Amino acid sequence: MSKNIVLCGVGGQGTVLASKLISAAAMQKGIPVMSAETIGMAQRGGSVFSHIRMGEDVFSPMIAKGTADMILAFEPGEAVRMLPYLKKDGQVVVSSHPVVPVTASLGAKYDATEMIDYLKANVANLLVIDGNKACSDVGSFKVLNLIMLGAALSTGALGFSEDEIREQILKKIPSKFHELNFTALDYVKTHSIN
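Quick caveat: nothing in here was measured; it's all calculated off a predicted structure.

**Brief notes about the overall build of the protein chain**
(1) Moving on: Scanning the protein chain for helices and strands turns up 8 helices and 6 strands.
(2) Moving on: Listed N to C, the secondary structure of the protein chain is β-α-β-β-β-α-β-α-β-α-α-α-α-α in terms of helices and strands.
(3) Moving on: The globule rule puts the C-alpha radius of gyration for 194 residues at 16 Å, and the 16 Å found for the protein chain is close to it.
(4) Moving on: Of the roughly 9500 Å² of accessible surface on the protein chain, 54% is carried by carbon and sulfur atoms.
(5) Moving on: Treating the 18 positive side-chain charges of the protein chain as one cloud and the 18 negative ones as another, the clouds have centres 4 Å apart.

If you want it as structure tokens, here you go:
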């Protein structure tokens, strides 16, 4: 049985690192994994997304629409944009804090509250995290990806334990950042998120 996960956000939010941690955890468990990333204008705050497919019956890294078990979104507008990939009864974990795209400065309308309301109306299994507050509580705005990854782990939909992700943090992130990243990963266990 395969598992399909879409991660999405904008440049600078750590989408690719979160994808690499999940993929490495799968490989550590002996689960075949394929991933594909689209980073485009990531350095300028553009859209970033990763497809991760795990399991014996996976032959392509790209996830077909309507087949993602989870969307892990670091930005609400990106969650809405990727929603067609979610399977019926799939899980969405999303940060409510918007990163307003450049197009909004050109007159395009962007309202994160509307995006979250849309997700609430269209997603049965939705976990919304106030990413801005969470980062402030942890003490760094550079760990949104680990806060959101911890939230995704809390749903059980990822299929990994916190220890399996911690092991990959130890391997892939410099030691001076381990404690901060562990604190971020534990955020949903130590704070009320409702």
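Next comes the rest of the description.
**Some words on the nonpolar core**
(1) Moving on: Grouped together as the largest cluster of nonpolar side chains are 38 residues, with contacts concentrated most on Ile22, Leu72, Ile147, Leu149 and Leu158.
(2) Moving on: When residues of this core are assigned to their parent elements, the largest contribution, 8 residues, is made by helix H5 (residues 144-155).
(3) Moving on: Excluding its chain neighbours within four sequence positions, the residues that come into contact with Leu158 are Lys3, Ile5, Ile22, Met70, Leu149, Ala152 and Leu153.
(4) Moving on: Among the nonpolar cores identified, the runner-up in size contains 17 residues, and Val6, Phe49, Ala68 and Tyr85 belong to it.

**Thoughts on the packing of aromatic side chains**
(1) Moving on: This structure, assessed with the given rule, holds 0 aromatic pairs.
(2) Moving on: The ring of Phe182 has Arg166 lying over it, and the distance from NZ or CZ to the ring centre is 4.6 Å.

**Considering the pattern of salt bridges**
(1) Moving on: Per the stated rule, a full pass over the model turns up 11 salt bridges.
(2) Moving on: Of the charged contacts in the structure, one is a salt bridge between Asp137 and Lys133, with a shortest N-O distance of 2.7 Å. Of this pair, Asp137 and Lys133 both sit in helix H4 (residues 131-138), 4 residues apart, which is roughly one turn of that helix.
(3) Moving on: Take Lys133: its relative accessible area is 44%, and that puts it in the partly exposed class.
(4) Moving on: Residues joined by salt bridges that share partners form a network here, namely Glu162, Arg166, Asp186 and Lys189.

**Some remarks on the sheet that holds strand S4 (residues 68-73)**
Within a sheet, neighbouring strands are paired by backbone hydrogen bonds and run either parallel or antiparallel to one another.
(1) Moving on: Read across the open sheet, the 6 strands follow the order S2-S3-S1-S4-S5-S6; overall the sheet is mixed. Only two strands of the sheet have a single partner each, and these edge strands are strand S2 (33-38) and strand S6 (125-129). Recorded for the sheet is a direction-independent mean angle of 15° between the axes of neighbouring strands.

About the thresholds
- Residues numbered from 1 in each chain as written.
- Predicted model: local features only at pLDDT ≥ 70, side-chain atom pairs only at ≥ 80, totals over all residues.
- Heavy atoms only, no water.
- Helix = DSSP H or I, 4+ residues; strand = E, 2+ residues; numbered from the N terminus.
- Rg over C-alpha atoms; globule rule 2.2 N^0.38 Å.
- Areas by Shrake-Rupley, 256 points an atom, 1.4 Å probe, with all protein chains shown as cover.
- Lys, Arg positive; Asp, Glu negative; His and termini not counted.
- Charge placed at Lys NZ, Arg CZ, Asp CG, Glu CD.
- Core = buried A, V, L, I, M, F, W, Y, C linked by side-chain atoms within 4.5 Å.
- Buried < 20%, exposed > 50% of the residue type's maximum accessible area, 1.4 Å probe, protein only.
- Contact = heavy atoms within 4.5 Å.
- Phe/Tyr/Trp six-rings, centres within 6.5 Å; stacked < 30°, edge-to-face > 60°.
- Lys NZ or Arg CZ within 6 Å of the ring centre and 35° of its normal.
- Salt bridge = Lys/Arg side-chain N within 4 Å of Asp/Glu carboxyl O.
- Pairing = 2+ DSSP bridges.
- Axes fitted to C-alpha atoms, helices over the stretch in contact; angles between N-to-C directions.

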